[in-house]
Amino acid sequence: MPPYPPELELRVPTDQLFLELNAWLGLARACAHSARVQTILLALQTDLQWIAQRPPGRSDHSSFPAERVDWLDETRETLERDLHARGSSELPGDTVSGAILDLASIVARRLGDHLRSEAPMDPTARGYLDRLPGLLFTLARCEEAQANPPR
């Protein structure tokens, strides 16, 4: 017999993944070279707090704002256009902040995969979490491009 009731066993890993992802984002923000990346990371941390406080299956009437998903998509597209114009490396590790963001991207993907196996959640929040790893990967490339300008 498990040490916790089944409903708690599902919540513990999810809470831990949210905490781990938020910690990686905080560390990336503290190490970031770019004020723009710092601002984006703070917004992502705020959004994650909102989602984490409304666990899957919770029946309150506040749903995750669709504007936040639009913001995430637009931010990624803008950053990718800027990177394309500058040219950038796709290998992790050129900067500490870029490497941290690559790790955060992996944790974000793991969180999304884990949440798919849990109770139904707000589809807008799920869409946000599905797109988040891509934005984090792009932010990592931005940090590396910021530290290594084109020659």
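Asks: I keep staring at the overall build of the protein chain and nothing clicks. Help me out?
Replies: Scanning the protein chain from N- to C-terminus turns up five helices and zero strands. For the protein chain, the α and β elements follow one another from N to C terminus as α-α-α-α-α. Each of the 151 residues in the protein chain was classed as buried or not, and the buried ones make up 39%. Look at the contacts in the protein chain between residues 6 or more apart in sequence, and 84% of them connect residues 24 or more apart.

Asks: Looking at this structure, I do not really get the packing of aromatic side chains. What am I missing?
Replies: The geometry of an aromatic ring pair is captured by two quantities: the separation of the ring centres and the angle between the planes. All chains considered together, the criterion is met by two aromatic pairs. A centroid spacing of 5.0 Å and a plane angle of 65° characterise the contact between Phe-64 and Tyr-128, whose relative ring orientation is edge-to-face. With a gap of 64 residues between them, Phe-64 in the loop between α2 (35–52) and α3 (66–86) and Tyr-128 in helix α5 (residues 123–147) connect regions that are remote in the sequence. Neither residue differs from the other here; Phe-64 and Tyr-128 are each classed as buried. Three or more aromatic residues joined by ring pairs make a cluster, and in this case those are Trp-50, Phe-64 and Tyr-128. Over the face of the ring belonging to Trp-71 we find Arg-68, whose NZ or CZ atom lies 4.3 Å from the ring centre. When the ring centre of Phe-137 is taken as reference, the NZ or CZ atom of Arg-141 above it lies at 4.4 Å.

Asks: Sorry if this is basic, but what is going on with the pattern of salt bridges here?
Replies: Opposite charge on two side chains allows them to pair when their charged atoms are near. Applying the stated rule across the entire model yields nine salt bridges. For Arg-36, the salt bridge is made with Asp-82, and the minimal N-O distance between the two is 2.9 Å. With a gap of 46 residues between them, Arg-36 in helix α2 and Asp-82 in helix α3 connect regions that are remote in the sequence. Note that Arg-116 and Asp-113 form a salt bridge whose closest N and O atoms lie 3.9 Å from each other. In this pair, Arg-116 and Asp-113 both sit in helix α4 (residues 96–116), three residues apart, roughly one turn of the helix. Through salt bridges with shared partners, a single network forms among Asp-102, Arg-141 and Glu-144.

Asks: I'm lost on the nonpolar core in this one. Help?
Replies: Nonpolar side chains in soluble globular proteins tend to end up buried together. By size, the foremost hydrophobic cluster in this structure holds 35 residues, and its most contacted members are Leu-21, Leu-41, Leu-44, Leu-129, Leu-132, Leu-136 and Leu-139. Within the residue set of this core, elements represented by two or more residues are α1 (6–31), α2, α3, α4 and α5. When residues in this core are grouped by element, the largest group, 10 residues, is from α5. For Leu-139, the residues in contact, after removing those within four places along its chain, are Val-37, Ile-40, Leu-41, Leu-44, Leu-79 and Leu-101.

Asks: Is there a simple way to explain the environment of Leu-136 in this structure?
Replies: With respect to the element layout, Leu-136 can be found in helix α5. Note on Leu-136: relative accessible area 0%, which makes it buried. Between the alpha carbons of Leu-136 and Ile-106 there is a distance of 9.1 Å; along the sequence they are 30 residues apart. Contacts of Leu-136, omitting those with residues within four sequence positions, involve Leu-21, Leu-25, Leu-41, Leu-44, Leu-101, Ala-104, Ser-105 and Ala-108.

Asks: Mind showing me how you'd approach α2 here?
Replies: Along an α-helix, residues three or four apart share an orientation, since each turn contains 3.6 residues. For α2, built from 18 residues, the straight-helix expectation of 26 Å at 1.5 Å per residue is met to within 8% by its first-to-last C-alpha distance of 26 Å. Residues of α2 that are buried include every one of Val-37, Ile-40, Leu-41, Ala-43, Leu-44, Gln-45, Asp-47, Leu-48 and Ile-51, and no others. The opening residue of α2, the one whose side-chain oxygen lies 3.1 Å from the backbone nitrogen of Arg-36, is Ser-34.

Calculation criteria
- Residues numbered from 1 in each chain as written.
- Predicted model: local features only at pLDDT ≥ 70, side-chain atom pairs only at ≥ 80, totals over all residues.
- Heavy atoms only, no water.
- Helix = DSSP H or I, 4+ residues; strand = E, 2+ residues; numbered from the N terminus.
- Buried < 20%, exposed > 50% of the residue type's maximum accessible area, 1.4 Å probe, protein only.
- Contact = heavy atoms within 4.5 Å.
- Phe/Tyr/Trp six-rings, centres within 6.5 Å; stacked < 30°, edge-to-face > 60°.
- Lys NZ or Arg CZ within 6 Å of the ring centre and 35° of its normal.
- Salt bridge = Lys/Arg side-chain N within 4 Å of Asp/Glu carboxyl O.
- Core = buried A, V, L, I, M, F, W, Y, C linked by side-chain atoms within 4.5 Å.
- Expected span 1.5 Å × (residues − 1).
- Polar contact = N/O pair within 3.5 Å; in protein donor to acceptor, adjacent residues only side chain to side chain.

From the geometry alone we can't say anything about function, so treat these as descriptive.
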